[in-house]
Amino acid sequence: QHARIHTHTHTHTHAAVTRRHGVRHQNTLGQMSMSESGGDGVSGGKDLSGGSDWSFMMAPVEGDELIGMVSDNGEASIRAVVATGLVRGAARMQKTSPVCSAALGRTLICALMMGQGKKDGSMYGESEKETLQIDVRANGPIKQVFALADGEGEVRGYTANPFVEIPVNSIGKLDVAGAVGEGFITVVRNNRFWKQPYKGITQIVSGEIAEDMAHYLTESEQTPSALGCGVLVTPENDEVIAAGGWLVQMLPGATEETISQIEKNIMTLAKSPTTLIREGKTARDICDILSEGLRPEKLIPEYIVKPRFTCKCSIEKVYRTVAIIPRLEMEEILAEKGQLEVKCEFCKRTYVLQGTELEEAYAISEMKDEEKTAEE
């Protein structure tokens, strides 16, 4: 059975509580798109892009923080994150519309919280080696929302169509569910110590992201979970002014007493994450409310992570991507256009490759193929 609490008391926020059981995972790379015309970009590794603000990726934004803790009896994992600066920076950089800023921000927040592993006291020191990927694919105009996070709080993500403009929903809020539509969520957990990734797929139940992720955790990973996340965007200038969330998970052996206390604490929390953040609440404040009565002796140390939006794109990765394209097809593009553009979906940098650089890309690829053959 399911017991859900929905909190929609503030703009662009959704919270969901789901109790029950859950399953399994995998990975993704190709976040680069190609076009065949000229334009600003990166040529030969030189940065030629204009207008994008990447400074927020240099270090965690002040005020952004993720706090996690475990109940003294080891039955509940609690974490909360404030990521206003991170989500604002991502929205600015990707020039997302308000509804896309909300969808992207919620997915980044969920990935950050879920990417910390279960943190049940026995996993310390291992979770930072784990990565978590959320891939939302649906029939709405946004088409796809993707996020990838690790245990150290580094995250990146994008929307397939960042410019969606649709009317607000029936209660005057950004219609994230309408932008997402119906489809599936795929979550992939991976760790270099595992023989294979853990992959789980569940159907989108609302399109609001938070409820969909709570549903995933309960149905696929069999972890009864409560999850709230939100992104508040000002109507005046489409700026993100609050973003954050919280996640509570019942660990194996959780008693009804602990579950009841958690549900009581969630009711005490009452307000949406964005409302709490606008009122000055920190991630620690939110965790303290959610852990009331569960950590009197603080037996298991809390952990603190400074989240940061990062991008791993490079000219070397572009070369590898380009080398997959059949050479004949590439020569036809060059003959017609004179160059190839490759855009990173995460940071929106554009790499412009011309004849000599494309030859270099193929040469490097062929050399690696020869080395691989020699090893075999």
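What comes next concerns the included structure. On a predicted model such as this, the values are computed, not experimentally measured, just so you know.

### Regarding the environment of Asp 212
Item 1. Structurally, Asp 212 is set in helix α4 (residues 210–219).
Item 2. Judged by relative accessible area, which is 1%, Asp 212 ranks as buried.
Item 3. When the C-alpha atoms of Asp 212 and Thr 202 are compared, they prove to be 8.4 Å apart, with ten residues separating the residues in sequence.
Item 4. One polar contact links the side chain of Asp 212 to the main-chain amide nitrogen of Gly 207, over a distance of 2.9 Å.

### Examining the packing of helix α5 (residues 256–269) against helix α7 (residues 283–290)
Item 1. α7 packs onto α5 with a crossing angle of 135° between their chain directions and a minimal axis gap of 8 Å. Comparing their axes, α7 and α5 come out oblique. In this structure, α5 uses Ile 262, Asn 265, Ile 266, Thr 268 and Leu 269 to contact α7, whose residues at the interface are Ile 286, Ile 289 and Leu 290.
Item 2. Residue composition of the contact of α5 with α7, grouped by class: six nonpolar, two polar and no charged.

### Observations regarding the sheet that holds strand β9 (residues 154–159)
Item 1. What the six strands build is an open sheet, ordered β11-β10-β7-β8-β9-β15; its pairing is mixed. In the strand order of this sheet, the two ends are held by β11 (198–203) and β15 (308–309), each with one partner.
Item 2. Bridge count for strand β10 (residues 183–191) against β11 is six bridges, and the pairing is antiparallel. Considered in β11, the bridge of Phe 184 is made with Gln 203.
Item 3. On top of the sheet, α4 reaches β7 (130–138), β10 and β11; it is set at about 125° to β11, its chief contact.

### Considering the packing of aromatic side chains
Item 1. Going through the model one piece at a time under the given rule, you end up with four aromatic pairs.
Item 2. Measuring from ring centre to ring centre gives 5.4 Å for Tyr 158 and Phe 346, while their planes differ by 70°; the resulting arrangement is edge-to-face. Linking Tyr 158 in strand β9 with Phe 346 in the loop between β16 (340–344) and β17 (350–353), this pair joins segments that are 188 residues apart in sequence. Each member of the pair, Tyr 158 together with Phe 346, is buried.
Item 3. Among the aromatic side chains, those forming a connected cluster through ring pairs are Phe 146, Tyr 158 and Phe 346.

Criteria and thresholds
Residues numbered from 1 in each chain as written. Predicted model: local features only at pLDDT ≥ 70, side-chain atom pairs only at ≥ 80, totals over all residues. Heavy atoms only, no water. Helix = DSSP H or I, 4+ residues; strand = E, 2+ residues; numbered from the N terminus. Buried < 20%, exposed > 50% of the residue type's maximum accessible area, 1.4 Å probe, protein only. Polar contact = N/O pair within 3.5 Å; in protein donor to acceptor, adjacent residues only side chain to side chain. Axes fitted to C-alpha atoms, helices over the stretch in contact; angles between N-to-C directions. Parallel < 35°, antiparallel > 145°, perpendicular 65-115°, else oblique. Contact = heavy atoms within 4.5 Å. Nonpolar A, V, L, I, M, F, W, Y, C, P; charged D, E, K, R; others polar. Pairing = 2+ DSSP bridges. Phe/Tyr/Trp six-rings, centres within 6.5 Å; stacked < 30°, edge-to-face > 60°.

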